[in-house]
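# Survey of secondary and tertiary structure
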Amino acid sequence: WGRSAPVKVPVSALRPTNDASEWHSGNLEGRGEESAQNAEKSPGLDGHWVATSRPKPRRWLRNLEIQGSQVFDGEGQILHLRRAGDCWSLAGGVLVRSGEELIRYGSTGSAVTWLRASG
């Protein structure tokens, strides 16, 4: 089973919008800070996400419960999805959808992959 390379997807693919802008990198905010501009829109990622990355990521990244722009991490902390231009980030890492997978690329180049839990 070969895995295809992740593709950066416009925000319009994550949630309905008239904006078909491409992803770009911008100023990404850190873990745990909330801003009104980011809380007003949701990327359409609601649900429970379970990490499939090997080796296992750090505990806080193993499970995510996403509700709008609010995220409960694997340690029970509340984080917020951030919008930087036309892309979404979590704790300073850029989020990308690749098929059914959600991938976070951290500032160190590390990647964590999740699948949405069924049920």
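As shown above, the structure is provided for reference.
Since the model is a prediction, treat every value here as computed from it, not as a measurement.

Okay, the side chain of Ser-53 next. For Ser-53, the location among the structural elements is in the loop between β1 (47–51) and β2 (63–67). With near-sequence residues (within four places) excluded, Ser-53 lies in contact with Ala-111, Val-112 and Thr-113.

As a further point, take the pairing of strand β7 (residues 101–105). The two faces of a sheet get side chains in turn, since along a regular strand they alternate between them. Of all five residues that make up β7, four are buried, and the element is covered over most of its length. Across five bridges, strand β6 (residues 93–98) lies against β7 in antiparallel orientation. Looking at β7, one finds that Leu-95 is bridged to Arg-104. As consecutive antiparallel partners, β6 and β7 are separated by two residues, and within that stretch Gly-99 has a phi angle of approximately 65 degrees, a positive value. In this sheet, strand β8 (residues 111–116) lies alongside β7 in antiparallel orientation, the contact comprising five bridges. Bridged to Arg-104 within β8 is Val-112.

Moving on, we get to the sheet that holds β2. If you walk around this closed barrel you meet the eight strands as β1-β2-β3-β4-β5-β6-β7-β8, and the pairing is antiparallel. Going across the sheet, the axis of each strand differs from the next one's by a mean of 35 degrees, ignoring polarity.

Let us look at the nonpolar core. Counting residues in hydrophobic clusters, the biggest one holds 17 residues, and the most contacted among them are Ile-66, Leu-81, Leu-90, Leu-95 and Trp-114. Only β1, β2, β4 (78–84), β5 (87–90) and β8 provide two or more residues apiece to this core.

Looking now at the pairing of β5. Alternating positions in β5 separate into two faces, Cys-87 and Ser-89 on one and Trp-88 and Leu-90 on the other, with burial throughout. Alignment of β4 against β5, held across four bridges, turns out to be antiparallel. Bridge pairing links Arg-83 to Trp-88 in β5. Turn length for the β4-β5 hairpin, with the two strands adjacent in sequence and antiparallel, is two residues, and the turn residue Gly-85 shows positive phi of about 65 degrees. Taken together, the two bridges between β5 and β6 define a ladder with antiparallel strand orientation. Following the sheet pairing, Leu-90 is matched in β6 by Gly-93. Hairpin connection between β5 and β6: a loop of two residues separates the two successive antiparallel strands, and Ala-91 in this loop has a positive phi of roughly 50 degrees.

What counts, and at which threshold
- Residues numbered from 1 in each chain as written.
- Predicted model: local features only at pLDDT ≥ 70, side-chain atom pairs only at ≥ 80, totals over all residues.
- Heavy atoms only, no water.
- Helix = DSSP H or I, 4+ residues; strand = E, 2+ residues; numbered from the N terminus.
- Contact = heavy atoms within 4.5 Å.
- Buried < 20%, exposed > 50% of the residue type's maximum accessible area, 1.4 Å probe, protein only.
- Pairing = 2+ DSSP bridges.
- Axes fitted to C-alpha atoms, helices over the stretch in contact; angles between N-to-C directions.
- Core = buried A, V, L, I, M, F, W, Y, C linked by side-chain atoms within 4.5 Å.

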